[in-house]
Amino acid sequence: MKHLALSAVVAFGFMGSGAALAQAQIGQPAPAFSGTDTAGKQVSLADFKGKYVVLEWVNPDCPFVKKHYKSGNMQSTQKHAAAKGAAWVSLNTSGAAADPKTAASLGAWSKEQKAVISNLVLDKGNIGRAYGARTTPHMYVIDPAGKLVYAGAIDSKPSASADDIPGATNYVVQALDELAAGKAVSKPVTQPYGCTVKYDTAG
């Protein structure tokens with residue numbers, strides 16, 4: 001899947017090549033978006049109005065993504081979100097987003113991983129820029145009122161080793177549990193880690 005055009009290097013912040021990303025703001029309305037998923041369906045944030053929504057930036061070639069999928073940690077997080085009534089939208093930001101081969105390969109990968117998701121959306125860069133997505137994975141939680149309430153890492157252990165998962169705090173699970181209990185998210189922003197999302201500077 002080399003055509004997914006995301007580099008497998010650790011990134012703890014945006015290390016862009018020119019244009020800065022306009023970061024979505026915690027406590028403010030989440031940026032509206034629409035895009036096509038791997039099944040060719042048009043997907044919009046508005047489709048999930050009144051629900052919690054988890055956004056996950058993903059790149060199957062990234063060792064950090066592999067850590068969480070091969071261990072089953074991402075799938076268990078997805079199941080936890082589903083149990084809370086949340087929709088889960090995975091996104092792949094790539095210059096090859098319009099390529100049917102990209103959609104087919106991503107769709108096959110998602111099924112192989114038994115991902116518990118609503119959609120896997122192909123993004124040419126506009127959605128990623130709107131959210132300030134920096135890494136794969138980069139996680140976001142949106143509340144039923146449409147406000148962004150969490151942005152950052154999936155957990156507290158910034159490594160590519162699955163051995164670190166048991167001792168990590170899963171920030172997405174923590175945020176959803178706090179929200180379900182009627183509490184504010186205690187850590188609304190954390191430092192994302194993973195492979196750098198590559199943006200087309202012409203895009």
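As shown above, the structure is provided for reference.
I will try to describe carefully the structure that is included in this document. Nothing here was measured: the structure is a model prediction, and the numbers come from that model. (Residues numbered from 1 in each chain as written. Predicted model: local features only at pLDDT ≥ 70, side-chain atom pairs only at ≥ 80, totals over all residues. Heavy atoms only, no water.)

Quick look at the pairing of strand β7 (residues 139-142) now. The side-chain alternation of β7 yields two buried faces, one formed by Met139 and Val141 and the other by Tyr140 and Ile142. Two strands pair when backbone bridges link them, and strand β3 (residues 53-57) and β7 are joined in this way by four bridges, in the antiparallel orientation. When the bridges of β7 are listed, leucine 55 appears paired with tyrosine 140. (Buried < 20%, exposed > 50% of the residue type's maximum accessible area, 1.4 Å probe, protein only. Helix = DSSP H or I, 4+ residues; strand = E, 2+ residues; numbered from the N terminus. Pairing = 2+ DSSP bridges.)

Spatial strand order, β2-β1-β5-β4-β3-β7-β8: seven strands in an open sheet with mixed pairing. The open sheet is flanked by β2 (42-44) and β8 (148-152), the only strands paired with a single partner. Ignoring strand direction, the axes of neighbouring strands in this sheet form an average angle of 30 degrees. Relative to β8, β7 is paired through four bridges, and the arrangement is antiparallel. Pairing of isoleucine 142 across the sheet is with leucine 148, part of β8. (Axes fitted to C-alpha atoms, helices over the stretch in contact; angles between N-to-C directions.)

Okay, the pattern of salt bridges next. For the coordinates displayed, the defined rule picks out one salt bridge. For lysine 84, the salt bridge identified is with aspartate 177, shortest N-O distance 3.3 Å. Of this pair, lysine 84 sits in the loop between α2 (73-83) and β4 (87-93) while aspartate 177 sits in helix α5 (residues 171-180), placing them 93 residues apart in sequence. (Salt bridge = Lys/Arg side-chain N within 4 Å of Asp/Glu carboxyl O.)

Another aspect to go through is the environment of valine 149. Tracing the backbone shows valine 149 in strand β8. In sequence terms valine 149 and lysine 187 are 38 residues apart; their C-alpha atoms lie 9.3 Å from each other. Here valine 149 is in contact with Ile26, Val141, Ile142, Asp143, Leu179, Val185 and Pro188, once residues within four sequence places are set aside. (Contact = heavy atoms within 4.5 Å.)

Next up on the list: the state of the cysteines. Under the counting rule described, the total for this entry stands at one disulfide. Between cysteine 62 and cysteine 195 runs a disulfide, and the two sulfur atoms are separated by 2.1 Å. Here the disulfide of cysteine 62 and cysteine 195 is right-handed, its torsion about the S-S bond being about 90 degrees. You can see cysteine 62 sitting in the loop between β3 and α1 (63-70) and its partner cysteine 195 sitting in strand β9 (residues 195-196), a full 133 residues away along the chain. Of the residues examined, cysteine 195 reaches a relative accessible area of 0% and is grouped as buried. (Disulfide = S-S within 2.5 Å.)

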